[in-house]
Amino acid sequence: MANLGCCSSSSSVNDSVCATVSIVDATTLIPIWENTTNFMINGTILVENNGLTNAWDAGIIINGVVAPVITAAPGESHSITVNNLTSIEVQGSGTGTVNTPVKVSFSLNYNF
């Protein structure tokens, strides 16, 4: 919980966010979150691939890294904790042919 008003020490903030997106191909990057502040933000990201037959794999692109940092096949979920988080994106991979629902949940932690 943040201290409101003037204070002499830093305050910590913990935010939790959840988004559901649909992967339609293996080329489109789907932006989930971007750090537009000057704060160093740490976080834990969870990806849950709710796809069924012929679904795409769900790759999480962190801080603009070209290759997915983690990939969840249909029916799988994976998590990762990252320091100095600047962006989160989702990209399909594999040989899917149908729209694939993917849930991305993440917590952000920072001091100001």
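For clarity, every value in this text was computed on a predicted model and none was experimentally measured.

Trainee: How should I be thinking about the sheet that holds strand β1 (residues 12-23) in this particular structure?
Mentor: Strand pairing within a sheet occurs via backbone hydrogen bonds; the two strands may be parallel or antiparallel. Read across the sheet, 4 strands follow the order β1-β8-β3-β6 without closing on themselves; strand pairing throughout is antiparallel. Each edge of the open sheet is held by one strand with a lone partner, namely β1 and β6 (77-82). The average angle at which neighbouring strand axes cross in this sheet is 10°, direction not considered. Relative to strand β8 (residues 100-111), β1 runs antiparallel, the two sharing 12 bridges.

Trainee: Looking at this structure, I do not really get unusual backbone geometry. What am I missing?
Mentor: Peptide bonds are trans in most cases, and residues, glycine excluded, mostly fall at negative phi. Phi is positive for Asn 54, close to 65°, though the residue is something other than glycine. With respect to the helices and strands, Asn 54 occurs in the loop between β3 (42-49) and β4 (57-62). A relative accessible area of 47% means that Asn 54 is categorised as partly exposed.

Trainee: Explain the packing of aromatic side chains here, please?
Mentor: One pair of aromatic rings is described through two measures. These are the centre distance and the angle between the planes. Counted according to the given criterion, the structure contains 2 aromatic pairs. Ring geometry for Trp 33 and Phe 106: centres 6.3 Å apart, planes at 55°, overall tilted. In this pair, Trp 33 sits in strand β2 (residues 29-34) while Phe 106 sits in strand β8, placing the two residues 73 residues apart along the sequence. The burial state of Trp 33 is the same as that of Phe 106; both residues are buried. A centroid spacing of 5.7 Å and a plane angle of 20° characterise the contact between Phe 39 and Tyr 110, whose relative ring orientation is stacked.

Trainee: Hey, could you run me through the side chain of Asn 49 in this one?
Mentor: Looking at where Asn 49 falls in the secondary structure, it is placed in strand β3. Asn 49 gets classed as buried once you look at its relative accessible area, which sits at 1%. A distance of 3.0 Å separates the side chain of Asn 49 from the backbone oxygen of Ala 72, its partner in a polar contact. For Asn 49, the contacting residues outside a window of four places in its chain are Trp 56, Asp 57, Ala 58, Ala 72, Ala 73, Pro 74, Gly 75, Glu 76, Thr 100, Pro 101 and Val 102.

Trainee: Would you explain the environment of Thr 100 in this entry?
Mentor: One can find Thr 100 in strand β8. With a relative accessible area of 0%, Thr 100 lands in the buried category. Sequence separation between Thr 100 and Ala 58 is 42 residues, and the spatial gap between their C-alpha atoms is 8.5 Å. Beyond its immediate stretch of four places on either side in the chain, Thr 100 contacts Val 21, Ser 22, Ile 23, Asn 49, Gly 51, Ala 55 and Trp 56. Separated by 3.0 Å, the side chain of Thr 100 and the backbone oxygen of Val 98 make a polar contact.

About the cut-offs
- Residues numbered from 1 in each chain as written.
- Predicted model: local features only at pLDDT ≥ 70, side-chain atom pairs only at ≥ 80, totals over all residues.
- Heavy atoms only, no water.
- Pairing = 2+ DSSP bridges.
- Helix = DSSP H or I, 4+ residues; strand = E, 2+ residues; numbered from the N terminus.
- Axes fitted to C-alpha atoms, helices over the stretch in contact; angles between N-to-C directions.
- Buried < 20%, exposed > 50% of the residue type's maximum accessible area, 1.4 Å probe, protein only.
- Phe/Tyr/Trp six-rings, centres within 6.5 Å; stacked < 30°, edge-to-face > 60°.
- Polar contact = N/O pair within 3.5 Å; in protein donor to acceptor, adjacent residues only side chain to side chain.
- Contact = heavy atoms within 4.5 Å.

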